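One-letter residues, chain by chain:
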Amino acid sequence: MQLVGISASVVVGTLLVVVLWALRRRLRARERDLERKAQELAVSRAAEQRLTEELVDARRAEEEARRAKAEAEAASRAKSAFLANMSHELRTPLNSILGFAQLMERDVSLGDRHRENLAVICKSGEHLLGLVNDILEMAKIEAGRMTLADADFDLHGMLSGLSEMFAVEAQKRGITLTVEREPDVPQLVHGDEGKLRQVLINLLGNALKFTPRGSVTLRAWARRSTGIREGGTHDGATAGRARVSFEVTDTGRGMAEEELAELFEAFAQTASGRRSREGTGLGLHISRRIVRMMGGDMHVESRLGRGTTLRFDVRLTLADAGGAGLSAAPRSRRVVGLTPGQPRYRVLVVDDRWDVRHCLLKLLDSVGVEVRSATNGLGAVAQWETWSPHLVLLDLRMPLLDGYEAASRIKSSPRGRDTVVVAMTASAFEQNRSLAAEAGCDDFVSKPFRDADIFNLLTKHLGARFEHEDRLAASPSAPAPAARSVDLARAAAELPPSLRKDLRRAATRLDAKAVQAAIEQFRPEDAELAGAVAELARGYRFDSILALSSAEEEEPS
């Protein structure tokens, strides 16, 4: 019995030890679990702290971004206001310069010398206007305010007009200008004629500027879409549309391979462009942006000394034959008066600037239009009520009563609906056009305007017909400009190389005195050539003087 008791005690003790050991293991496991949870809690609290800090930082960043956006919008509004004011301040004097120069050109008593001087003024004014337009166009692109103004137009007529526009300049430079149009190019299309013309003018102008001799060629071809492939499946394109391609090729100086990469960058100029000291380096950048807005792209191929080819394409919609106005005033002839048998048209000119009023009064009076003027919107309304003009040329920015309110008052009456109101502004932004239309204006003209713009308005809205000066009836004894340029170039080629270098160096620097000094060096040998070059120098035609010698003769810079 004693042994049994001892055994039972041992068993109980052993069981107690086992139970205690198990309890101890469970306790240690529980302690480890608690420690792990405590660590996880600490990590979670740290993560929560970081999240809170990140949330605070995000809210702070969001607030800063909101504040930066507000400041950027305010800066953009200030920039737009500044550009609008600068546009007005720059274009207004240009309007007077070009307007009065055109008025003086109409004076039949002027001699050839004065006409040449006026041509220089007009060319310089047009060049300055082009620079201003490039800067403002770039600002509109940056602000996202450039839009397309699509309308029906005659594509064939536009290409013919470009050929006429650049023919004289090409002849002066002794360059062959060719415009080739494939038979598949549609005539009547729907798109932004103005911006397409702007691109082509830029490319043709550059090609002529950087081609001392040889040729410049504009080619156009098209691929029309029917919407159906040969197998009868749809090709994904829209029927009634055409992709029209244009290519301007010259035989000029060309560009090095490293220059092509930055050709379309803003304010970038090639070596030839820097030597010419003309332009802003924005023309091709703006042109490519316009082409991309019109659904295409622009590419360039060039080799140094072997010419350049610029190629682009745009998408245009085919227009109905009856939808486009095809009539246009002749580009190459000057208006000399109204065709007999027409009514006595009355035009009211409203502008707060004397020079603008005086220029338009003289221009319209010179062709037989009855014209009066007013200096502000109140005067415009009063003149309209008492005189009943057929057409009102109305400036938009004026004291006392601006053009918008004056147009609204005139157009609000039944009698005013029969009066044509044309808004005039020196601002470059399209919003003025829409605001003028909302005020009731029938049309819109931007300053500076040309005399042809004013006559076209009278033709468009009043049906006025004009007689034009026939410039084609030139004296049969006078040599053609192209032939005369070739004769001068041949004569200049006979000069000693040192004299040709001196002449080219002086013309490159636009230094009239240095050109005259170079002329005096070869006057004894060739008085006729000296007189012709001196005449070019007096007309500041340094481009024509440069065309008399080879670009390879220029001193390296």
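The rules behind these values
Residues numbered from 1 in each chain as written. Predicted model: local features only at pLDDT ≥ 70, side-chain atom pairs only at ≥ 80, totals over all residues. Heavy atoms only, no water. Helix = DSSP H or I, 4+ residues; strand = E, 2+ residues; numbered from the N terminus. Buried < 20%, exposed > 50% of the residue type's maximum accessible area, 1.4 Å probe, protein only. Areas by Shrake-Rupley, 256 points an atom, 1.4 Å probe, with all protein chains shown as cover. Pairing = 2+ DSSP bridges. Axes fitted to C-alpha atoms, helices over the stretch in contact; angles between N-to-C directions. Lys, Arg positive; Asp, Glu negative; His and termini not counted. Salt bridge = Lys/Arg side-chain N within 4 Å of Asp/Glu carboxyl O. Contact = heavy atoms within 4.5 Å. Expected span 1.5 Å × (residues − 1). Polar contact = N/O pair within 3.5 Å; in protein donor to acceptor, adjacent residues only side chain to side chain. Core = buried A, V, L, I, M, F, W, Y, C linked by side-chain atoms within 4.5 Å. Phe/Tyr/Trp six-rings, centres within 6.5 Å; stacked < 30°, edge-to-face > 60°. Lys NZ or Arg CZ within 6 Å of the ring centre and 35° of its normal. Parallel < 35°, antiparallel > 145°, perpendicular 65-115°, else oblique. Left-handed = near helix turned anticlockwise from the far one by under 90°. Nonpolar A, V, L, I, M, F, W, Y, C, P; charged D, E, K, R; others polar. Patch = residues over 30% accessible without salt bridge, like charges linked within 9 Å, V, L, I, M, F, W, Y side chains within 5 Å. Charge placed at Lys NZ, Arg CZ, Asp CG, Glu CD. Arc of directions from axis to C-beta.

Trainee: What is the right way to look at the overall build of the protein in this model?
Mentor: Counting secondary structure elements, the protein contains 17 helices and 14 strands. Residue burial in the protein is summarised as follows: out of 557 residues, 40% are buried. A total accessible area of about 30,700 Å² is found for the protein, and carbon and sulfur atoms account for 54% of it.

Trainee: Just checking my understanding: could you explain the sheet that holds strand E10 (residues 370–374) for this structure?
Mentor: Sheet strands associate in pairs through backbone hydrogen bonding, adopting either a parallel or an antiparallel arrangement. Sheet architecture is open: five strands sit in the order E10-E9-E11-E12-E13, paired in parallel fashion. The sheet is open, and its two edges are formed by E10 and strand E13 (443–446), each paired on a single side. The mean inter-strand angle of the sheet, taken between neighbouring strand axes irrespective of direction, is 20 degrees. Direction of pairing for strand E12 (residues 420–425) relative to E13: parallel, over a ladder of four bridges. Across the sheet, residue Thr425 finds its bridge partner in E13, namely Ser446.

Trainee: Whenever I open this one, the side chain of Arg357 confuses me. Can you help?
Mentor: Position of Arg357 among the secondary structure elements: in helix H8 (residues 354–366). Here Arg357 sits buried without a salt bridge, and the closest side chain of opposite charge, Asp351, lies 5.7 Å off (N-O distance). For Arg357, the residues in contact, after removing those within four places along its chain, are Val349, Asp351, Asp352, Ser373, Ala374 and Thr375.

Trainee: I tried to follow the pairing of strand E11 (residues 391–395) on my own but got confused; where do I start?
Mentor: Sheet faces and side chains relate simply in a regular strand, where the side chains alternate between the two faces. Here E11 lies mainly inside the structure; five of its five residues are buried. Residues Leu391, Leu393 and Asp395 of E11 are buried on one face, and the alternating residues Val392 and Leu394, pointing to the opposite face, are buried as well. Bridge analysis of strand E9 (residues 346–350) against E11 gives four bridges, and the strand direction is parallel. Paired with Val350 across the two strands is Leu394, which belongs to E11. Relative to E12, E11 runs parallel, the two sharing five bridges.

Trainee: Help me out: how do you make sense of helix H4 (residues 193–209) in this one?
Mentor: Residue pairs spaced three or four apart in an α-helix point in one direction, given the helix's 3.6 residues per turn. The end-to-end C-alpha distance of H4, which contains 17 residues, comes to 24 Å, matching closely the 24 Å that a straight helix rising 1.5 Å per residue would cover. Along H4, the residues that are buried comprise Lys195, Leu196, Arg197, Val199, Leu200, Asn202, Leu203, Leu204, Ala207 and Leu208. Of the residues that open H4, the one with a side-chain oxygen 3.1 Å from the backbone nitrogen of Lys195 is Asp192.

Trainee: Teacher, can you tell me more about the nonpolar core here?
Mentor: Across soluble globular proteins, nonpolar side chains show a tendency to be buried alongside one another. Grouped together as the largest cluster of nonpolar side chains are 37 residues, with contacts concentrated most on Leu155, Leu196, Leu200, Phe246 and Phe312. Those elements that place two or more of their residues in this core are helix H3 (155–173), H4, strand E4 (214–225), strand E5 (241–250), helix H7 (283–293), strand E6 (298–302) and strand E7 (308–318). Take this core: its biggest share by element is seven residues, from H4. When near neighbours in sequence (up to four residues on either side) are disregarded, Phe246 contacts Leu155, Leu159, Leu196, Leu200, Arg219, Ala220, Trp221, Leu310, Arg311, Phe312 and Val314. Val347, Val422, Phe449 and Ala464 belong to the second largest nonpolar core, which has 27 residues in total.

Trainee: I keep staring at the packing of aromatic side chains and nothing clicks. Help me out?
Mentor: One pair of aromatic rings is described through two measures. These are the centre distance and the angle between the planes. Enumeration over the complete set of coordinates arrives at two aromatic pairs. Aromatic side chains Phe246 and Phe312 sit 5.2 Å apart centroid to centroid with 25 degrees between the ring planes, which places their arrangement in the stacked category. Of the two residues, Phe246 is situated in strand E5 and Phe312 in strand E7; the sequence distance between them amounts to 66 residues. A residue is classified by how much of its surface remains accessible, and Phe246, at 1% relative accessible area, is buried. Look at Phe312 and you get buried, because its relative accessible area is 1%. Arranged with centres 5.2 Å apart and planes meeting at 50 degrees, the rings of Phe455 and Phe466 form a pair that is tilted. With Phe455 in helix H12 (residues 451–462) and Phe466 in strand E14 (residues 466–468), this pair connects stretches of sequence that are 11 residues apart. Looking at Phe466, the relative accessible area reads 11%, which means it is buried. For Arg415, the ring lying beneath its charged end belongs to Trp384, and the centroid distance is 4.3 Å.

Trainee: Help me understand the packing of H8 against H12, please; the structure alone is not making it clear to me.
Mentor: Each pair of packed helices can be summarised by the angle the axes make with each other and by the distance between the axes. Put simply, H8 and H12 touch, their axes get as near as 11 Å, and they point 60 degrees apart. On the basis of their axis angle, the class for H8 and H12 is oblique. Crossing angle aside, the handedness with which H8 passes H12 is right-handed. Within the contact between the two elements, H8 uses Leu360, Leu363 and Leu364 and H12 uses Asp451, Ile454, Phe455 and Leu458. Classifying every residue of the contact of H8 with H12 by side-chain character gives six nonpolar, no polar and one charged.

Trainee: Please explain the pattern of salt bridges as it appears in this structure.
Mentor: Any two side chains of opposite charge can pair if their charged atoms end up close together. Within the structure shown, the criterion is met by 20 salt bridges. Two residues, Glu62 and Arg66, come together in a salt bridge whose shortest N-O distance is 3.1 Å. Separated by four residues within a single helix, Glu62 and Arg66 lie in helix H1 (residues 2–105), roughly one turn from each other. Between Arg219 and Glu247 there is a salt bridge; the shortest N-O distance is 2.9 Å. Of the two residues, Arg219 sits in strand E4 while Glu247 sits in strand E5, which places them 28 residues apart along the sequence.

Trainee: Whenever I open this one, the packing of helix H14 (residues 497–508) against helix H15 (residues 512–522) confuses me. Can you help?
Mentor: Between H14 and H15, the least distance of the axes is 8 Å, while the angle of their chain directions is 160 degrees. Viewed along their axes, H14 and H15 adopt a mutual orientation that is roughly antiparallel. Between H14 and H15 the crossing geometry is left-handed. Two secondary-structure elements touch here, H14 through Leu499, Asp502, Leu503, Ala506 and Ala507 and H15 through Ala514, Val515, Ala518, Gln521 and Phe522. When the residues that make up the contact of H14 with H15 are grouped by side-chain class, the tally is eight nonpolar, one polar and one charged.

Trainee: Any chance you could explain a positive patch on the surface here in plain terms?
Mentor: Residues Arg24, Arg25, Arg28 and Arg32 make up a contiguous surface patch of positive charge. Within the secondary structure layout, Arg32 lies in helix H1.

Trainee: What should I look at first to understand helix H10 (residues 403–411) in this one?
Mentor: Those residues of H10 that sit buried are Gly403, Tyr404, Ala406, Ala407, Ile410 and Lys411. Along H10, the residues classed as buried sweep out an arc of 165 degrees about the axis, all on the same side. You can read the cap of H10 off the contacts: a side-chain oxygen lies 3.3 Å from the backbone nitrogen of Tyr404, and it is on Asp402.

Trainee: Help me out: how do you make sense of a nonpolar patch on the surface in this one?
Mentor: A grouping of Val19, Leu20 and Leu23 is seen on the molecular surface, where their side chains present a nonpolar patch of about 290 Å² in accessible area. Judged by relative accessible area, which is 56%, Leu20 ranks as exposed.

Trainee: Even after reading the chapter, I still don't get the environment of Ala319, so can you show me in this structure?
Mentor: Inspection of the secondary structure assignment puts Ala319 in the loop between E7 and strand E8 (335–338). Assessed through its relative accessible area of 19%, Ala319 is described here as buried. Put simply, Ala319 and Gly240 are 79 residues apart on the chain and 8.4 Å apart in space, counted from C-alpha to C-alpha. The contact partners of Ala319, leaving out residues within four places of it in the chain, are Asp152, Leu188, Val189 and His190.

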